[in-house]
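# Analysis of the macromolecular model
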Amino acid sequence: MIQRRSGSEGVIRALNLEPHVEGGYFRRTYQAYHRDMLETANGSRYLMTSIYYLLDEQSPVGQFHFNQSDILHYFHLGDAIEYSLIHADGSLQTLVMGSDMLAGQLLQLHVPGGIWKASRLLDGPNGFGLISEAVSPGFDFADMEMGDRQKLVEQFPQHRTLIEKLTRDEG
Ligand code: GUN
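Summary of the structure given here. (Residues numbered from 1 in each chain as written. Predicted model: local features only at pLDDT ≥ 70, side-chain atom pairs only at ≥ 80, totals over all residues. Heavy atoms only, no water.)

### Comments concerning a nonpolar patch on the surface
Where nonpolar side chains cluster on the molecular surface, the patch consists of Y30, L47 and M48 and spans about 220 Å² of accessible area. Counting through the fold element by element, M48 comes out in the loop between strand 4 (43–45) and strand 5 (49–56). Owing to a relative accessible area of 33%, M48 belongs among the partly exposed residues under this scheme. (Patch = residues over 30% accessible without salt bridge, like charges linked within 9 Å, V, L, I, M, F, W, Y side chains within 5 Å. Areas by Shrake-Rupley, 256 points an atom, 1.4 Å probe, with all protein chains shown as cover. Salt bridge = Lys/Arg side-chain N within 4 Å of Asp/Glu carboxyl O. Helix = DSSP H or I, 4+ residues; strand = E, 2+ residues; numbered from the N terminus. Buried < 20%, exposed > 50% of the residue type's maximum accessible area, 1.4 Å probe, protein only.)

### Here we look at the sheet that holds strand 7 (residues 70–78)
Strand pairing in a sheet takes place through backbone hydrogen bonds and is either antiparallel or parallel in direction. Taken in spatial order, the 6 strands of this open sheet run 1-2-5-12-7-10, and their pairing is antiparallel. Lying at the two open borders of the sheet, with one neighbouring strand each, are strand 1 (18–19) and strand 10 (108–111). Note: strand 7 against strand 12 (residues 128–136), 8 bridges, orientation antiparallel. Among the inter-strand pairings, L77 is bridged to a residue of strand 12, identified as L130. (Pairing = 2+ DSSP bridges.)

### A look at the site of the ligand
Taken together, H20, F26, R28, I51, E133, V135, F139 and F141 make up the full set of residues near the ligand. Within the side chain of H20, one N or O atom sits 2.7 Å away from a nitrogen atom of the ligand. Here an oxygen atom of the ligand sits 3.0 Å away from a polar atom, N or O, in the side chain of R28. Its free accessible area being 270 Å², the ligand has 95% of it covered by the protein chains. The site holding the ligand turns out to be the largest pocket. Contributions of two or more residues to the shell around the ligand are made by strand 2 (25–31) and strand 12. (Near = heavy atom within 4 Å. Polar contact = N/O pair within 3.5 Å; in protein donor to acceptor, adjacent residues only side chain to side chain. 1 Å grid on protein atoms, 1.4 Å probe; cavity = no way out; pocket = protein on both sides within 12 Å on 5 of 7 lines; lining within 4 Å. Sits in = over half its atoms within 2 Å of the grid points.)

Here you go:
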């Protein structure tokens, strides 16, 4: 029997990506080890770090999580990715990264620190979407909080359906 291979397999292998705790796959490609570290309220951080990040049909969702740092996202290849951003005041912003600029898709997306972010692969012919992220101050797990479904729904009840779709059911 011929097995259908997902379009993402070769990309994951070529870029040596590993599963990410939020869903999807990643690999860190850069950290500013040659520069002075930044002192932040949470400790010492690289000036900047960068990763590849990929969503595919096997792992199509980057679950809601909170970052302290600003993150610049750069779209590279594949199908479009929808971003859901919940701001501190509860407002929801929905943006799409992808290569169809004429349809309003974004090649770059700036997500400021201090908000909740989730991402979701949209249907398309490739079965994966690949971006890069540049993070400053540099990424550290201590600056990231995975979204707890129950707590997020309590904080933002107006977004219950979305939060239930884009968090894990730990209950
Ligand atoms: N998200 C954004 N940057 C990073 C990183 O360097 N490591 C991990 N694990 N997640 C990230």
